[in-house]
Amino acid sequence: MPIRAYCTICSDFFDNSRDVAAVTCGHTFHQECLLQWFHSAPHRTCPQCRIQVSSRQIINKLFFDIGGEEETVLDPESLKNEVDRIKVSLLAKEKEKRECQGLVDSLREMLDVRNVTIQSLQKELGDMEMLCSTLKKQMKFLDNQKSETKAAKDEARKLRNKLKTMESIEVLLQAQRPEVEEMIRNMGSGQAAVEQLAIYCVSLKKKKKKKKKK
Ligand SMILES: [Zn+2]
Ligand SMILES: [Zn+2]
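Worth saying up front: this structure is predicted, and the values here are computed from it rather than measured. (Residues numbered from 1 in each chain as written. Chains lettered and ligands numbered in written order. Predicted model: local features only at pLDDT ≥ 70, side-chain atom pairs only at ≥ 80, totals over all residues. Heavy atoms only, no water.)

1. Quick notes on the nonpolar core
Ranked by size, the top nonpolar core spans twelve residues in total: Cys 7, Phe 14, Val 20, Ala 21, Val 23, Phe 29, Cys 33, Leu 34, Phe 38, Cys 46, Val 53 and Ile 58. Of all the secondary-structure elements, those providing two or more residues to this core are strand 1 (20-22) and helix 1 (31-40). Element by element, the count of residues in this core is highest for helix 1, at three residues. Residue contacts for Cys 33: discarding those within four places in its chain leaves Cys 7, Ile 9, Cys 10 and Arg 18. (Core = buried A, V, L, I, M, F, W, Y, C linked by side-chain atoms within 4.5 Å. Buried < 20%, exposed > 50% of the residue type's maximum accessible area, 1.4 Å probe, protein only. Helix = DSSP H or I, 4+ residues; strand = E, 2+ residues; numbered from the N terminus. Contact = heavy atoms within 4.5 Å.)

Next up, the structure:
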């Protein structure tokens, strides 16, 4: 808002026709009004705030850079035109607003659909996770069973071998020489055969000792 400054001595607005002066307190007056005041007043003081001032402290002329003041002609015709222009612009804005609102509504609907999808996917994910953990438990159980079965199979194999050895020893004990020779020949050669023979020998020795004790 422009400042409508005026001289408090004569109450006229400042304009281009008369010089404006200022005193050190900052108050401004027409230069001639101020000089007149100094001549008539008993003390040299600011007419407005009564602070003591000397004539040397006066700024005699202030310069205002005044912007071009074009008088705006406000005739009824141009005012009506302006109103019409604003009405048209308002209508356009309202249309724009309605369009924006429509867009917002459709986006909101889309968002709702997305939210529903997300919820169902989350539920599915939860179900899948549950299934996964159940399957993991089952797998662990099956793994345990597998290792138990393997242990049992190993045990059974050992027992079978032991039984075979015992049977062979039984045969050895009751057999005649040709049959024993036949058996040893059937064992073949190599490390496995040597080990088998060693087992027979040791077992026979143990049996002999037991018999002696009896
Ligand atoms: Zn004045
Ligand atoms: Zn003053």
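2. Some thoughts on the coordination of the zinc ion (ligand 2)
Taken together, the protein ligands of the zinc ion (ligand 2) are Cys 25 (SG), His 27 (ND1), Cys 46 (SG) and Cys 49 (SG), with distances of 2.0 to 2.3 Å. The coordination sphere of the zinc ion (ligand 2) comprises four donor atoms, whose angles at the metal cover 103 to 114°; the geometry is tetrahedral. Donor residues for the zinc ion (ligand 2), ordered by position in the chain, follow C-x1-H-x18-C-x2-C. Residue Cys 25 is found in the loop between strand 1 and strand 2 (28-30), and its partner Cys 49 is found in the loop between helix 1 and helix 2 (76-174); the two are separated by 24 residues along the sequence. By relative accessible area, Cys 49 is classed as partly exposed at 36%. (Donors = N, O, S within 2.8 Å, 3.2 Å for Na, K, Ca; no water. Tetrahedral: all angles 85-135°; square planar, octahedral: opposite > 155°, others 65-115°.)

3. Quick word on the coordination of the zinc ion (ligand 1)
With distances of 2.2 to 2.5 Å, the protein atoms coordinating the zinc ion (ligand 1) are Cys 7 (SG), Cys 10 (SG), His 30 (ND1) and Cys 33 (SG). Of note is the zinc ion (ligand 1), whose four donor atoms meet at the metal with angles of 87 to 120° in an arrangement that counts as tetrahedral. Motif for the zinc ion (ligand 1), donor spacing along one chain: C-x2-C-x19-H-x2-C. Of this pair, Cys 7 sits in the segment before strand 1 while Cys 33 sits in helix 1, and the two are 26 residues apart along the sequence. The residues Cys 7 and Cys 33 share a single accessibility class, namely buried.

4. What to know about helix 2
For helix 2, built from 99 residues, the straight-helix expectation of 147 Å at 1.5 Å per residue is met to within 8% by its first-to-last C-alpha distance of 144 Å. When we look at burial in helix 2, the residues that qualify are Thr 165, Ser 168, Ile 169 and Leu 172. (Expected span 1.5 Å × (residues − 1).)

5. Quick notes on the pattern of salt bridges
Enumeration over the complete set of coordinates arrives at eleven salt bridges. Residues Lys 61 and Asp 19 are paired through a salt bridge, measuring 2.9 Å at the closest nitrogen-oxygen approach. On the criterion of sequence distance, the pair formed by Lys 61 in the loop between helix 1 and helix 2 and Asp 19 in the segment before strand 1 is long-range, its members being 42 residues apart. Residue Lys 61 is classed as partly exposed on the basis of its relative accessible area of 38%. (Salt bridge = Lys/Arg side-chain N within 4 Å of Asp/Glu carboxyl O.)

6. Regarding the packing of aromatic side chains
Geometry of an aromatic ring pair is reported as the spacing of the ring centres plus the angle between the planes. Tallied over the full model, the rule gives one aromatic pair. Where Tyr 6 meets Phe 13, the ring centres are 6.0 Å apart and the plane angle is 80°; that geometry is what we call edge-to-face. You can call Phe 13 partly exposed: its relative accessible area is 42%. (Phe/Tyr/Trp six-rings, centres within 6.5 Å; stacked < 30°, edge-to-face > 60°.)

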